[in-house]
Amino acid sequence: MRHPILVALCIAGALGLSACDKEIDKDAVDRDFTDVNVIDGTGLNEVMLTSGDPAAAVNYFVRAGEIAPGRIDLMRGLGKSLVRAKRNREAARAWAEVVAHEESTDEDKVQLADALIRDNQWEQAEKVLTAIPPTHETYLRYRLEAMIADSHKQWDKADSFYEIASGLTTQPAPVLNNWGYSKLSRGDASGAEKLFYETLRHEPGMFTAKNNLVLARGAQGNYTLPVLDMTQTERAELLHTLALSAIKRGDTKTGKGLLEDAIETHPQHFEAAATALSALQNGGAS
């Protein structure tokens with residue numbers, strides 16, 4: 001008669017032990033999962049660098065660095081994430097720590113220079129670039145060199161660096177756009193226009209290049225929109241830019257007409273254009 005009770009107790013005990021084992025296993029799995037993701041999960045590291053919320057990526061790499069301090073790949077991940085999050089001062093400090101690491105490379109110095117420029121520390125960025133051997137030839141290095149030359153108004157040097165940089169990447173639109181803006185800022189509107197067209201050939205949807213192209217045309221007294229693929233909102237915004245270019249050149253009548261076109265074209269109320277038009281009218285311009 002005792003056997004059924006004994007069997008029941010044994011089964012209950014076994015189930016209890018099994019439940020405990022499952023809890024222990026779950027804890028172990030959770031720890032293992034954390035270790036895989038944060039310590040050895042290079043795949044997840046790459047995902048965090050290229051997608052999702054930049055702030056979440058920063059938190060991820062901060063935590064990863066606490067678990068595995070001194071891991072240079074995680075330190076680089078933090079630096080890149082801070083740049084993506086536009087936390088430039090912190091990014092510059094993070095990349096300085098990477099550069100101080102015994103496993104750092106010349107490319108890490110380039111990344112530091114990039115972060116310093118983003119934080120408006122041009123003089124320090126130039127020192128970092130100067131210390132990098134000339135044999136280290138990368139797209140980013142030459143793009144930064146071009147920007148440094150621009151800041152010193154060394155136009156020939158800047159042009160040379162921009163040209164080299166554009167040849168070292170399969171996606172030259174950003175550097176071509178920078179080069180075009182450089183030419184526009186130094187008064188070469190015609191040369192800038194050509195570069196903005198080339199930029200849009202590589203990246204037709206880049207609105208900044210479209211806007212810069214209109215600025216370059218306006219600086220030459222050409223107040224017609226270029227033939228480009230654009231949305232109705234973009235068309236209105238480009239007409240607004242063209243209007244301001246005309247007004248800046250003293251062509252206020254043309255500018256007024258362009259502002260009216262911009263307001264009429266925009267699918268919603270275009271506050272900036274309306275304000276500019278009101279200022280013109282109140283100023284007595286016609």
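Rules of the game
- Residues numbered from 1 in each chain as written.
- Predicted model: local features only at pLDDT ≥ 70, side-chain atom pairs only at ≥ 80, totals over all residues.
- Heavy atoms only, no water.
- Helix = DSSP H or I, 4+ residues; strand = E, 2+ residues; numbered from the N terminus.
- Expected span 1.5 Å × (residues − 1).
- Buried < 20%, exposed > 50% of the residue type's maximum accessible area, 1.4 Å probe, protein only.
- Arc of directions from axis to C-beta.
- Phe/Tyr/Trp six-rings, centres within 6.5 Å; stacked < 30°, edge-to-face > 60°.
- Polar contact = N/O pair within 3.5 Å; in protein donor to acceptor, adjacent residues only side chain to side chain.

A.B. asks: I keep staring at helix H5 (residues 88–100) and nothing clicks. Help me out?
C.D. replies: Residue pairs spaced three or four apart in an α-helix point in one direction, given the helix's 3.6 residues per turn. Between its terminal C-alpha atoms H5 stretches 18 Å, which fits the 18 Å expected from 13 residues at 1.5 Å a residue. For H5, every residue scored as buried is listed here: Asn88, Ala91, Ala92, Ala94, Trp95 and Val98. Each buried residue of H5 sits inside an arc of 165° when the element is viewed along its axis, so together they form one side. For H5, exposure combined with an orientation more than 90 degrees from the buried face picks out Glu97 and Ala100.

A.B. asks: What's the story with the packing of aromatic side chains in this structure? I'm lost.
C.D. replies: Here the distance between the centres and the angle between the planes together describe a pair of aromatic rings. The tally for this structure, following the rule as stated, stands at three aromatic pairs. When the ring of tyrosine 142 is compared with that of phenylalanine 161, the centres are 5.8 Å apart and the planes differ by 35°; the resulting orientation is tilted. One end of the pair, tyrosine 142, is in helix H8 (residues 139–151); the other, phenylalanine 161, is in helix H9 (residues 155–167), and 19 residues separate them in sequence. Taken together, a centroid distance of 6.0 Å and an interplanar angle of 15° make the contact between tyrosine 162 and tryptophan 179 stacked. Here the residue tyrosine 162 occupies a position in helix H9, and tryptophan 179 occupies one in helix H10 (residues 173–185), the gap between them amounting to 17 residues.

A.B. asks: Please clarify how the environment of serine 185 should be interpreted in this entry.
C.D. replies: Among the secondary structure elements, serine 185 is positioned in helix H10. In this structure serine 185 comes out as exposed when scored by relative accessible area, which is 54%. Spatially, the C-alpha atom of serine 185 lies 9.7 Å from that of alanine 216, the residues being 31 residues apart in sequence. At 2.7 Å, the side chain of serine 185 and the backbone oxygen of serine 182 are in polar contact.

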